[in-house]
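For reference, the chains in residue letters:
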Amino acid sequence: MEELDEDVMISAAEAIMEAKGEGADLCMQACQEGLEEVGRRFEEGEYFVGDLVFAGELMGRVMDIIRPALSGEDKEAIGKMILCTVKGDLHDIGKNIVRAMLEAGGLEVLDLGIDVAPEEVVQKAKENGIKIIGLSGVLTLAIDSMKDTVEAFRAAGLRDDVHIIVGGNPVTAEGCG
C-alpha cells in the first residue's frame, strides 16, 4: 500500500479470496499501516494530494474484494451508522477510507455523501433508526457545520439518543468542546 502498487494490492486481495479468505484480517491491517505510511510521506512532502486520493481509492477497492472474508457474506451487520461530509465541505477521501474500514469491521454504513445539511442527517437518522452518526470534514468551516449538525439533533429532541463521531483535519479536542 505504501508504495501505491495497485497490481500487487489487487492481486494479493484476489489471492486471499481464492484461499477462502485466509489472511484477510492481516491484509486489512497491512492496508491500514500502509495508509499511515502514505500519510507520513504526504506530511514530509514525498507524496502529494493525488497520491492520497489514489491510496484511498486503492484501499476501497481492496476492501471491496476482501470484505466477504472479513465479515462473512451471510453475517448480519453488527450495527448501522450514518457517515457523511458536512455542509460546505466537498472532501471525501478520509470519509471513504473510514467507510471501507467500518464496513470491513461489520458495520452497515449509510453514506450520505458530501456537503450534507444538518437537517438531512437528522431526517435520515429518524427514517432509518440510526443511533451512530459519523461527521467528516477537511475545511476549517467544517467545525461550524459539525456543531450545527449536533445542534440539529438537539433541536429535534434526539441528541441524547445518538452518538456523534467527528473527524477530519480541523478536528481537535479543543475545537469541538
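Here the structure is shown first, and the text comes after it.
As the structure is a computational prediction, the values presented were derived from the model and not from experiment.

**Digging into the environment of Val62**
Looking at the secondary structure, you find Val62 in helix H3 (residues 49-71). In this structure Val62 comes out as buried when scored by relative accessible area, which is 0%. The sequence separation of Val62 and Ala12 amounts to 50 residues, and the corresponding C-alpha distance is 8.7 Å. The contacts of Val62, once residues within four sequence positions are left out, are Met9, Ile10, Ala13, Cys27 and Cys31.

**Quick notes on the pattern of salt bridges**
This model, assessed by the stated rule, comprises 14 salt bridges. Among the ionic pairs, Glu44 bridges to Arg40, the shortest N-O distance being 2.6 Å. The partner of Asp64 in a salt bridge is Arg67, and the shortest N-O contact between them spans 2.9 Å. Of this pair, Asp64 and Arg67 both sit in helix H3, three residues apart, roughly one helical turn. Residues participating in the shared-partner salt-bridge network are Asp64, Arg67, Lys95, Arg99, Glu103 and Asp111.

**Topic: helix H6 (residues 142-155)**
Its 14 residues place the ends of H6 19 Å apart at the C-alpha level, agreeing with the 20 Å of an ideal helix rising 1.5 Å per residue. A positive phi of about 75 degrees marks Gly157, the residue just after H6.

**Observations concerning the nonpolar core**
Counting residues in hydrophobic clusters, the biggest one holds 23 residues, and the most contacted among them are Met1, Cys31, Val62, Met63, Ile66 and Leu70. Of all the secondary structure elements, the ones that give two or more residues to this core are helix H1 (6-18), helix H2 (24-43), H3 and helix H4 (93-104). No other element matches the seven residues that H3 contributes to this core. Filtering out sequence-adjacent residues up to four positions away, Leu70 remains in contact with Ala24, Asp25, Met28, Met63 and Ala104.

**Some words on unusual backbone geometry**
Of note in the backbone geometry, Lys20 takes a positive phi value of approximately 60 degrees without being a glycine. Considering the arrangement of structural elements, one finds Lys20 in the loop between H1 and H2. Even without a glycine there, the phi angle at Asp115 is positive, about 55 degrees. Summarising the element assignment, Asp115 is placed in strand S2 (residues 107-116). The class for Asp115 is partly exposed, based on a relative accessible area of 31%.

**What to know about the sheet that holds S2**
Overall, parallel pairing links the four strands, which are arranged S2-S1-S3-S4 in an open sheet. The outermost strands of the open sheet, each flanked by one partner alone, are S2 and strand S4 (163-167). Across the sheet, the axes of successive neighbouring strands diverge by a mean angle of 20 degrees, strand direction being ignored. As defined by bridge partners, strand S3 (residues 132-136) adjoins S4 across five bridges and the pair is classed as parallel. Pairing of Ile133 across the sheet is with Ile164, part of S4. Relative to S2, H4 is tilted by about 170 degrees, and along the sheet it contacts strand S1 (79-86), S2 and S3.

**Observations regarding the side chain of Lys95**
Inspection of the secondary structure puts Lys95 in helix H4. The class of Lys95 is buried, set by a relative accessible area of 3%. Among the polar contacts made by the side chain of Lys95, one reaches the side chain of Asn96 at a distance of 2.9 Å.

Calculation notes
Residues numbered from 1 in each chain as written. Predicted model: local features only at pLDDT ≥ 70, side-chain atom pairs only at ≥ 80, totals over all residues. Heavy atoms only, no water. Helix = DSSP H or I, 4+ residues; strand = E, 2+ residues; numbered from the N terminus. Buried < 20%, exposed > 50% of the residue type's maximum accessible area, 1.4 Å probe, protein only. Contact = heavy atoms within 4.5 Å. Salt bridge = Lys/Arg side-chain N within 4 Å of Asp/Glu carboxyl O. Expected span 1.5 Å × (residues − 1). Core = buried A, V, L, I, M, F, W, Y, C linked by side-chain atoms within 4.5 Å. Pairing = 2+ DSSP bridges. Axes fitted to C-alpha atoms, helices over the stretch in contact; angles between N-to-C directions. Polar contact = N/O pair within 3.5 Å; in protein donor to acceptor, adjacent residues only side chain to side chain.

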